[in-house]
Structures are given as C-alpha cells and as structure tokens.
Amino acid sequence: MVQGIANWSTEQSREWLQSYVDDWVAFYRKHTGDGKVATYIPELAKANPDALGITIIGKNGLTVRSGEVDEPFTIQSISKVLSFIVACMERGVAYMLDRVDVEPTGEAFNSIMHLEMKQVKKPLNPFVNAGAITVTSTLNGRTSDEKIEPIFALLEKIIGYRPSLDIDVYESERDSSMRNRAIGYYLLETGYLESDMNTTLETYFKQCSIKVTVDDLARIGLILANDGEDIDTFEEIIPRPIARIAKALMLTCGMYDASGKFATYVGIPAKSGVSGGIIGAVPPRVREEVLPFMEGCGIGVYGPALDDNGNSVSGIRLLRHVASQWDLSIF
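Residues numbered from 1 in each chain as written. Predicted model: local features only at pLDDT ≥ 70, side-chain atom pairs only at ≥ 80, totals over all residues. Heavy atoms only, no water.

## Observations regarding the overall build of the chain
Inclusion rule: Each helix corresponds to a stretch of at least 4 residues labelled H or I by DSSP, and each strand to a stretch of at least 2 residues labelled E; elements are numbered beginning at the N terminus. Radius of gyration here is computed from C-alpha atoms only, and the compact-globule reference equals 2.2 Å multiplied by the residue count raised to the power 0.38. Whether a residue is buried, partly exposed or exposed follows from its accessible area with a 1.4 Å probe, protein chains only, as a fraction of its type maximum: under 20%, in between, or over 50%, in that order. We call two residues in contact when some of their heavy atoms are within 4.5 Å.
Of the regular secondary structure elements, the chain holds 13 helices and seven strands. Relative to a compact globule of 331 residues, whose C-alpha radius of gyration would be 20 Å, the chain shows 19 Å and is just as compact. Taken over the C-alpha atoms alone, the chain extends approximately 60 × 40 × 35 Å along its principal axes. Here the chain, with 331 residues, has 57% of them falling under the buried criterion. If you take every contact in the chain between residues at least 6 apart in sequence, the share linking residues at least 24 apart comes to 69%.

## Structural notes on the packing of helix α2 (residues 79-91) against helix α11 (residues 240-253)
Two measures define how a pair of helices packs: the angle their axes make with one another and the distance between the axes. Short version of the rule: Interaxial angles span 0 to 180 degrees and are taken between N-to-C directions of axes, which are lines fitted to C-alpha atoms, for helices over the stretch in contact. For any helix crossing, the convention is left-handed if the near helix is rotated counterclockwise from the far helix by under a right angle, and right-handed if that rotation is clockwise. In this count, Pro and Cys sit with the nonpolar residues alongside Ala, Val, Leu, Ile, Met, Phe, Trp and Tyr, while Asp, Glu, Lys and Arg are called charged and the others, Gly among them, polar.
Where α2 contacts α11, the two axes come as close as 10 Å, and the packing angle between them is 145°. At the point where α2 passes α11, the crossing takes the right-handed sense. Contacts between α2 and α11 involve Val-81, Phe-84, Ile-85, Cys-88 and Met-89 on the former and, on the latter, Ile-242, Ile-245, Ala-246, Leu-249 and Met-250. By residue class, the composition of the contact of α2 with α11 is ten nonpolar, no polar and no charged.

## Some points on the packing of aromatic side chains
Note the threshold: By convention, a stacked pair of Phe, Tyr or Trp rings (six-membered ring in the case of Trp) has centres within 6.5 Å and planes under 30 degrees apart, an edge-to-face pair has planes over 60 apart, and any other such pair is tilted. Any Lys NZ or Arg CZ found within 6 Å of a ring centre and within 35 degrees of that ring's normal is scored as a charge over the ring.
Counted by the stated rule, this structure contains seven aromatic pairs. Ring geometry for Phe-293 versus Trp-326: centroids 5.5 Å apart, planes at 40°, classification tilted. Placement of Phe-293 in the loop between β6 (277-282) and β7 (297-302) and of Trp-326 in helix α13 (residues 313-326) is noted, with a sequence separation of 33 residues between them. Residue class for Phe-293 comes out buried when judged on its relative accessible area of 3%. Put simply, the rings of Trp-16, Tyr-20, Trp-24, Phe-293 and Trp-326 touch in pairs and so form one group of aromatic residues. One cation-aromatic arrangement involves Arg-99 over Tyr-95; the distance from NZ or CZ to the ring centre is 3.5 Å. Directly above the ring of Tyr-170 sits Lys-206, whose terminal nitrogen or CZ lies 5.9 Å from the centroid.

## Some thoughts on the sheet that holds β6
Our working rule: Only strands that DSSP links by at least two bridges are regarded as paired with each other.
Pairing is antiparallel in the open sheet, where five strands are placed in the order β2-β1-β7-β6-β5. Since the sheet does not close on itself, it has two edges, and those belong to β2 (63-67) and β5 (270-272), each with one partner. On average, each strand axis in the sheet is tilted by 5° relative to the strand beside it, whichever way the strands run. Note that β6 and β7 share six bridges and pair antiparallel. Bridge pairing links Gly-277 to Tyr-302 in β7.

## A closer look at the pairing of strand β1 (residues 53-58)
Burial runs high along β1: six of the six residues are buried. By the alternation rule, side chains of β1 split into Gly-53, Thr-55 and Ile-57 and Ile-54, Ile-56 and Gly-58, which are all buried. Where β1 and β2 come together, five bridges link them in antiparallel fashion. Note on β2: the bridge partner recorded for Ile-57 is Thr-63. The antiparallel hairpin formed by β1 and β2 contains four residues in its connecting segment, where Gly-61 sits at a positive phi of about 95°.

## Remarks on α13
Heads up, the rule is: Take the residue count of a helix, subtract one, and multiply by 1.5 Å to get its expected span. Contacts described as polar in this section are N or O atom pairs within 3.5 Å, which, within protein, must combine one atom able to donate a hydrogen with one able to accept it, while residues neighboring in sequence count only if both atoms come from side chains.
Here α13 contains 14 residues, and its C-alpha end-to-end distance of 20 Å stays within 8% of the 20 Å for a straight helix at 1.5 Å per residue. Restricting attention to buried positions, one finds in α13 the residues Val-313, Ser-314, Gly-315, Ile-316, Leu-318, Leu-319, Val-322, Ala-323 and Trp-326. Structurally, the start of α13 carries an N-cap: the backbone nitrogen of Gly-315 is 2.9 Å from a side-chain oxygen of Ser-312. Note on α13: the residue one or two positions beyond its end, Asp-327, has a positive phi of about 50°.

## Observations concerning unusual backbone geometry
Positive phi is not limited to glycine here, since Phe-293 has a value of about 60°. Positive phi outside glycine occurs at Asp-327, with the angle close to 50°. Mapped onto the fold, Asp-327 is located in the segment after α13.

## Quick notes on the side chain of Ser-144
In this structure, Ser-144 sits in helix α6 (residues 144-159). Reaching out from Ser-144, the side chain makes a polar contact with the side chain of Lys-206 at a distance of 2.9 Å. Leave out the neighbours within four places in its chain, and Ser-144 touches Thr-199, Glu-202, Thr-203 and Lys-206.

## Comments concerning the packing of helix α7 (residues 167-176) against helix α9 (residues 197-208)
Cut-off, in case you're wondering: Angles below 35 degrees are treated as roughly parallel, those above 145 as roughly antiparallel, those between 65 and 115 as roughly perpendicular, and all remaining angles as oblique.
Running from N to C, α7 and α9 point in directions that differ by 140°, and their axes come no closer than 9 Å. Relative to α9, the element α7 lies oblique. Between α7 and α9 the crossing geometry is right-handed. For the pair α7 and α9, the contacting residues are Tyr-170, Glu-173 and Arg-174 in the first and Glu-202, Phe-205, Lys-206 and Cys-208 in the second. When grouped by side-chain class, the residues that make up the contact of α7 with α9 number three nonpolar, no polar and four charged.

Given below as structure tokens:
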C-alpha cells in the first residue's frame, strides 16, 4: 500500500505516485486480450482493443495521468448519469423518482425482462436502457437538439469546454440499435415516454455519442465526489441532493449487472459505458494512515476491450488495484 507521505500534493509525491500508476497501467494493459471491443454498434468496433488510460484528479489539485489519456471516445452509458442529473434539475427529484426507481435489476443493461416479468410500475433505475430512455423523454424541449442542449451546457460548466458529437458513432448507433427501438416501442405502449418516441431515441443516441477523454471523466467524477461543487470556484454546479442520489445510483447500479461485485471489490461510485469508459467518484475518507487522495478524487478510465457484462476488462482490474493500494473504498 502506498502511504507514509504527509503531503501528497507535492511534486516529489506526484512523481512517486506517477511511477506506480505507470507500472500498473503497463501491467493491466496485458489483460486487454481477455475482452473484446463492442461490435453491436459497428463504429465502436474500430477502437484499439489494447488501449488503456487513466486520469485521477484530487480535490487538492494533485493529478496523475497514464496511458491513452488524450484519446477521445464516446461517453455512451456514462451519459445516463448526466441526463438523470439534468432531468432532476429541470423537473425535480420527486418528479423523476416517480418515473424511474432506484433498484438494481440483476439483468443486462439492454433488457426489458424486469418490466415484463415483474410487472413493475416503472423502470427499476435510470442506468438501464429502459430507465435511461424514460429519463431522456422527460428532458425539456421539442427537438433532440433542444433536449440535449442542457447536457452540453452542464458538461461545459464542468470540463471547461463544449464537447462535440461524434457523428459517425451517432449514425452507427442510430442505424443499428434495433434493441433500443424495441425498448422504445415497449415504453411507448406502456405509457412511460413523455415525448415523441423518435425524438426521444434520437436524443438518447446523441447523448451517448458525445466525445470525451479520461481527463473529462475524472473532472466530472471530481465534481460529483465534491457533492456537485466546483473545487476551484466553489460554485454549486449540481445541487448537492442530486449529486448524492447520482452517486448512490452509481454505486448500486452503475456497472450493469456486475454492480454488486464492483461495489464489493472496488467500493466506489462508478459508471461504465460500452466504449470502454469508466467514471469514478471517490469522496473524502477518514483513515488512520496517510494515503493519497484522502480528500477525495475523480477518476476516468478508458479501455475498450469489454467483458461479458459490457465493462472494460483492464479498466476494472486497474481500478480494483488502485482502490486496494490506496484504500479508496467508501466502506
């Protein structure tokens, strides 16, 4: 375990931590062969399966970056965190929790089995596709551009620039997502959707196709770890109650049907996407020993080779190692 330095924000300490992270990334890059890139969205199949990168940004300004940190990728299901936050800010928490629940499903992210078999009154959480599409339908606006604009605005506030849309991925996802269209029709039939189905799905495909880097994910994670407050300006970007609900959902539902194992073995609020991205939000911890990032941090990971659950193979193993070595678990 890396510990023992009184001030981890010093340059000497940063260089020491950097050497550890470089070694860990090099080691877990060897595990990419245990997974496969997503192919059901054809454009995602073009990703380099051996890529692996991580950025960690601490509340005290300490930043460690290693691997493919400058390689852009689409945010995919990590956008579900943002769309839920925006919907809560626009419509209110009570309104949204009346339309989506906060329970894990135990099913694949693109399944509607829990809706059909269990006859639930609403999608079980906003991070499975049925719940996320329901959330997207509640966003204000008549067109997909109007609906997605607050998500872009929130991202711009957090990461400091306006990200772009990957048109190739958007069109690939739009043209190949038969399962999501089936989910959309089911939600339409059962009365869950609050806006036109085609507009809702178009918005959903666009939000998944926003381009980010691991630096961006780490910055978003840091804001969430800090209960929605910007660490530099102290501006409340996300209302604290909404940030806390988002983190609770990330912990219990954020890693698809592997969320329980991730919470057990890694123990931080996180959300993954099928492009290989993972966002982590580590709140401040109280420990007897001196450890890195005691005041909290945001983590961004990119590793497009996925396991059977749709999570980054090397990314999860790298996160588990980092969390173990630095005791990042919230438990």
